[in-house]
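Each chain, letter by letter, is given below.
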Amino acid sequence: MDGADRTDRGGGHRCHIGSFTSGGGRGITTAAVDPATGALTPLAACDTVADPSYLAFARDTGVLYAVSETARGAVCAFRPTAGGLTALGPAVPVEGSGPTHLSVAGGRLLTANYTSGSVSSLPLAADGRPGGPVSVLEHQGSGPDADRQERPHAHQVLPDPSGRWVLSVDLGTDSVRVCAPDPATGELRVHSETALRAGTGPRHLVFHPDVAVAYVLHELEPQLTVCRWDPVSGRLEAVAEVPIAPEGPPGAVRAYPSAVVASPGGRFLWAAVRGADTVVTFSLADGAEKPRLSSTVDCGGSWPRDLVADPSGRRLYAANERSGDVTWFEVDPLTGRPHRTGSVAVPAATCLVFG
């Protein structure tokens, strides 16, 4: 690896919004971002790839990447232009089914393939075009939830801040794997595996921007697991569990957390919760290892699948899949509490990236 994750999830005055075309989405919608208010204005849509449910923007090459979350999983690369997006060649198969996340690191494109429970590593040419996978790492194991954990389900793959390691979060096996990429080929090999509480269904992980701490968000049980991260040994250690929502009364709507975000200054964490359709704020004033739930607000729509902060941490954006919109919030700089300030219609919205 030649450096940390170069995927830019913030910055610029344009954004790109992924969606499920199978659910009525327009593919990838490009929108202008008002720098003063944060408001989004759709400019163009690109539907050349099916179900581009997750996107990543590589700042060094200016290339946008999209998964195709289909049975025959693939990725596609685009060059943003004044008129929208131009594809850099045809979609490239990842040799895995249902890719649901991707990231860019060390000259490689990494995909987490949910349905097949694997992680693919694809080489990138100098102009950003992906090639076929150099390796497909198959996860092993299962969990106690017979409906959701009958086999591995890789849900996220990302490099650590040092760029030395790659972590894959698996909802099906209740674990996070730490991989050591081959510096020459990009092939992934499992270095260590951290078991988390059975049945919780880990979905996404985010690193604290300044401290060697990571936070794992669970989908099958509404909680965060706080982990210490050792970038030298490549070991992740779970040290605490923090509920993400108070326990509801019998018959209450079940909560399915989806995305977790750390503020750029490391003072707050935010998480989107589907079902409850909320955005929750955690204060880190007591220390990076002691998140404290400080506020819960309505997400402004239904089924918030993704949550993104702008680079300054002043605004949050929620992609609400079932209500078909993206809402944005101003963040109180003292408390971290989001205040909804606007929304725009984007059918079957699933994710958002800036760049």
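For the structure, check the block above.
Definitions and limits used
Residues numbered from 1 in each chain as written. Predicted model: local features only at pLDDT ≥ 70, side-chain atom pairs only at ≥ 80, totals over all residues. Heavy atoms only, no water. Helix = DSSP H or I, 4+ residues; strand = E, 2+ residues; numbered from the N terminus. Rg over C-alpha atoms; globule rule 2.2 N^0.38 Å. Contact = heavy atoms within 4.5 Å. Areas by Shrake-Rupley, 256 points an atom, 1.4 Å probe, with all protein chains shown as cover. Pairing = 2+ DSSP bridges. Axes fitted to C-alpha atoms, helices over the stretch in contact; angles between N-to-C directions. Phe/Tyr/Trp six-rings, centres within 6.5 Å; stacked < 30°, edge-to-face > 60°. Buried < 20%, exposed > 50% of the residue type's maximum accessible area, 1.4 Å probe, protein only. Lys NZ or Arg CZ within 6 Å of the ring centre and 35° of its normal. 1 Å grid on protein atoms, 1.4 Å probe; cavity = no way out; pocket = protein on both sides within 12 Å on 5 of 7 lines; lining within 4 Å. Points joined across faces, edges and corners; volume = space filled by probe spheres on them. Nonpolar A, V, L, I, M, F, W, Y, C, P; charged D, E, K, R; others polar. Salt bridge = Lys/Arg side-chain N within 4 Å of Asp/Glu carboxyl O.

**Q** Any chance you could explain the overall build of the protein here in plain terms?
**A** Along the backbone of the protein there are zero helices and 29 strands. The C-alpha atoms of the protein give 18 Å as radius of gyration, which agrees with the globular expectation for 355 residues (20 Å, within 12%). Projected onto the principal axes, the alpha-carbon positions of the protein cover approximately 50 × 45 × 35 Å. Sequence-distant contacts in the protein: of pairs separated by 6 or more residues, those separated by 24 or more amount to 48%. Surface exposure of the protein reaches about 13200 Å², of which carbon and sulfur atoms provide 52%.

**Q** How should I be thinking about the sheet that holds strand E14 (residues 166–170) in this particular structure?
**A** Pairing between the strands of a sheet comes from backbone hydrogen bonds, and it takes one of two forms, parallel or antiparallel. Pairing in this open sheet of four strands is antiparallel, and the strands run E13-E14-E15-E16 from one edge to the other. Whereas interior strands pair on both sides, the edge strands pair on one side only; in this sheet they are strand E13 (154–159) and strand E16 (188–195). Taken pair by pair, the neighbouring strands of this sheet meet at an average axis angle of 25°, ignoring direction. In this structure, strand E15 (residues 175–181) lies alongside E16, joined through seven bridges in antiparallel fashion. By the bridge assignment, Arg 177 is partnered in E16 with Glu 193.

**Q** Explanation requested: the packing of aromatic side chains in the structure shown.
**A** What characterises a pair of aromatic rings is the spacing of the ring centres plus the angle enclosed by the ring planes. A complete count under the given rule lists five aromatic pairs for this structure. Relative to Phe 354, the ring of Tyr 317 lies with its centre 5.1 Å away and its plane at 65°, an arrangement referred to as edge-to-face. Taken together, the residues span a long stretch of sequence, with Tyr 317 in strand E26 (residues 315–320) and Phe 354 in strand E29 (residues 349–354) at a distance of 37 residues. Like Tyr 317, the residue Phe 354 is buried in the burial classification. Among the aromatic residues, those joined into a cluster by ring pairs are Tyr 317, Trp 328 and Phe 354. Positioned above the aromatic ring of Trp 303 is the side chain of Arg 322, whose terminal nitrogen or guanidinium carbon lies 3.7 Å from the ring centre.

**Q** Quick question: what am I supposed to make of the environment of His 153 here?
**A** For His 153, the location among the structural elements is in the loop between strand E12 (135–138) and E13. Looking at His 153, the relative accessible area reads 6%, which means it is buried. Filtering out sequence-adjacent residues up to four positions away, His 153 remains in contact with Tyr 114, Thr 115, Gly 117, Arg 148, Val 169, Asp 170, Leu 171 and Gly 172.

**Q** Sorry, what's going on with the environment of Val 331 here?
**A** Tracing the backbone through its elements, the reader meets Val 331 in strand E27 (residues 325–331). Separated by 17 residues in sequence, Val 331 and Arg 314 place their C-alpha atoms 5.1 Å apart. The contact partners of Val 331, leaving out residues within four places of it in the chain, are Trp 270, Gly 313, Arg 314, Arg 315, Leu 316, Gly 336, Arg 337 and Pro 338.

**Q** Would you take a moment to explain empty space enclosed by the protein for this structure?
**A** Rolled over the atoms, a probe with the dimensions of a water molecule shows which regions are left empty. Enumeration over the complete set of coordinates arrives at one cavity of 30 Å³ or more. Of the voids in this model, the largest cavity is the one considered here, and its volume is about 80 Å³. Taken together, Ser 53, Tyr 54, Glu 69, Thr 100, His 155, Arg 203, His 204, Arg 305, Asp 306 and Thr 350 make up the full set of residues lining the largest cavity. Going through the elements one at a time, strand E17 (202–207) and strand E25 (304–309) are the ones with two or more residues in the lining of the largest cavity. In terms of residue class, the lining of the largest cavity is made up of one nonpolar, five polar and four charged.

**Q** What is the right way to look at unusual backbone geometry in this model?
**A** With the exception of glycine, the majority of residues adopt a negative phi angle, and the majority of peptide bonds are in the trans configuration. Phi is positive for Asp 174, which is not a glycine, with a value near 50°. Here Asp 174 is to be found in the loop between E14 and E15. A positive phi angle is found at Ala 348, which is not glycine, with a value near 55°. Mapped onto the fold, Ala 348 is located in the loop between strand E28 (338–345) and E29.

**Q** Honestly, the pairing of E28 in this entry has me stumped. Any pointers?
**A** For a regular strand, side-chain orientation follows a simple rule: the groups alternate between the two sheet faces. The pairing of E27 with E28 spans seven bridges and is antiparallel. Along E28, the bridge assignment pairs Val 326 with Val 344.

**Q** For this particular structure, what's the right way to read the side chain of Thr 100?
**A** Position of Thr 100 among the secondary structure elements: in strand E9 (residues 99–105). Residue classification places Thr 100 among the buried residues on the basis of a relative accessible area of 5%. Non-local contacts of Thr 100, meaning those with residues more than four positions away in its chain, are made with Ser 53, Tyr 54, Glu 69, Ala 112, Tyr 114, Ala 154, His 155 and Arg 305.

**Q** What is the right way to read the pairing of strand E7 (residues 84–87) from this model?
**A** Inspection of the sheet shows strand E6 (residues 74–81) paired to E7 by four bridges, in the antiparallel sense. Residue Pro 80 lies in a different strand from E7, and its bridge partner there is Leu 85. In textbook terms, the turn of a hairpin is the stretch between consecutive antiparallel strands, and for E6 and E7 this stretch comprises two residues.

**Q** I tried to follow the pattern of salt bridges on my own but got confused; where do I start?
**A** Think of it this way: side chains of opposite charge can pair up when their charged atoms draw near. What the rule picks out here adds up to 16 salt bridges. Note that Arg 305 and Glu 69 form a salt bridge whose closest N and O atoms lie 3.6 Å from each other. Within this pair, whereas Arg 305 is found in strand E25, its partner Glu 69 is found in the loop between strand E5 (63–68) and E6, the two being separated by 236 residues in sequence. For the pair Arg 305 and Glu 69, one class covers both residues: buried.

**Q** I keep staring at the sheet that holds E12 and nothing clicks. Help me out?
**A** Taken together, four strands build an open sheet; the order of strands is E9-E10-E11-E12 and the sheet is antiparallel. Only two strands of the sheet have a single neighbouring strand rather than two, namely E9 and E12. For this sheet the average axis-to-axis angle between neighbouring strands, irrespective of direction, equals 20°.

Taken by themselves, the reported measurements are silent on function.
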